[in-house]
Amino acid sequence: MADLYGLEFVGGPDGTQNPPKKLDGRIVGAKKRRTRSTKPATILAVGDRLYLGKLPANAVMQSVIGNTDTSLGTTTLSIGPAAAPAKYVNARTLTTVDTPSALGPRASAAVNGPVAVDEDLWITIGTAAIPAAVIAAFYFEYTIAN
């Protein structure tokens, strides 16, 4: 049976470097932070964007969570910065009611290292509008060294 090390531990606990390299504190043993954005009491039409918050430079995206009081049905949600609107979540639906539900990040974004610059994150509405009466909160969690 083989012992394998995740990429974050190569050069450290795996013993391949002497002395061992210091592990990246933005990823291993990092502080977790959470940001919330609550949907305003207005209709969100297809193509509208809702500001989710800022992912600061040197942070690593860990999770994106949605919670609504009404199924969003066929409405899709994509999350990312303006230049890459589906970087973290690509056209996901949210149909579970009153239960925080994981939306992302996508595997391709989950294995990325820390972002080099601040990213303003937006939720882009697709396929169908979200009615004004829907109550919804969206969260994202990230880790950062300081």
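Predicted, not measured: the structure shown is a model, and the values here were computed from it. (Residues numbered from 1 in each chain as written. Predicted model: local features only at pLDDT ≥ 70, side-chain atom pairs only at ≥ 80, totals over all residues. Heavy atoms only, no water.)

Draft legend 1. The sheet that holds strand E5 (residues 89–92), seen in detail. On the basis of which strands lie adjacent, the open sheet formed by four strands has the order E2-E7-E4-E5 and antiparallel pairing. Of all strands in the sheet, those bounded by a partner on one side alone are strand E2 (49–55) and E5. Between one strand and the next, the sheet's axes are offset by a mean angle of 15°, whatever the strand orientation. (Pairing = 2+ DSSP bridges. Helix = DSSP H or I, 4+ residues; strand = E, 2+ residues; numbered from the N terminus. Axes fitted to C-alpha atoms, helices over the stretch in contact; angles between N-to-C directions.)

Draft legend 2. Geometry of the layout of surface pockets. The volume enclosed by the largest pocket comes to roughly 190 Å³. Contributing to the lining of the largest pocket are Leu7, Glu8, Ile27, Val60, Met61, Gln62, Ala110, Val111 and Asn112. In terms of residue count, the dominant contributor to the lining of the largest pocket is strand E3 (residues 60–68) (three residues). Of the residues in the lining of the largest pocket, the class split is six nonpolar, two polar and one charged. (1 Å grid on protein atoms, 1.4 Å probe; cavity = no way out; pocket = protein on both sides within 12 Å on 5 of 7 lines; lining within 4 Å. Points joined across faces, edges and corners; volume = space filled by probe spheres on them. Nonpolar A, V, L, I, M, F, W, Y, C, P; charged D, E, K, R; others polar.)

Draft legend 3. How the structure looks around the packing of aromatic side chains. Per the stated rule, a full pass over the model turns up two aromatic pairs. Ring geometry for Tyr51 and Trp122: centres 5.1 Å apart, planes at 70°, overall edge-to-face. Here Tyr51 is found in strand E2, whereas its partner Trp122 is found in strand E7 (residues 119–126), with 71 residues between them in sequence. Residue classification places Trp122 among the partly exposed residues on the basis of a relative accessible area of 22%. Above the plane of the ring of Tyr139 lies Arg34, whose end atom (NZ or CZ) is 4.7 Å from the centre. Lying over the aromatic face of Trp122, Arg49 brings its terminal NZ or CZ to 4.0 Å of the ring centre. (Phe/Tyr/Trp six-rings, centres within 6.5 Å; stacked < 30°, edge-to-face > 60°. Buried < 20%, exposed > 50% of the residue type's maximum accessible area, 1.4 Å probe, protein only. Lys NZ or Arg CZ within 6 Å of the ring centre and 35° of its normal.)

Draft legend 4. Main features of the environment of Gly66. Along the polypeptide, Gly66 turns up in strand E3. Judged by relative accessible area, which is 0%, Gly66 ranks as buried. Once residues lying within four places of it in the same chain are set aside, the contact partners of Gly66 are Leu94, Thr99, Pro100, Ser101, Leu103, Ala137 and Phe138. (Contact = heavy atoms within 4.5 Å.)

Draft legend 5. Structural view of the sheet that holds E3. One open sheet holds the four strands; their spatial order is E1-E8-E3-E6, and the pairing between them is antiparallel. Only two strands of the sheet have a single neighbouring strand rather than two, namely strand E1 (31–38) and strand E6 (101–104). Direction aside, neighbouring strands of the sheet carry axes that sit 30° apart on average. Note that E3 and strand E8 (residues 136–144) share eight bridges and pair antiparallel. Bridge pairing in E8 links Met61 to Tyr142.

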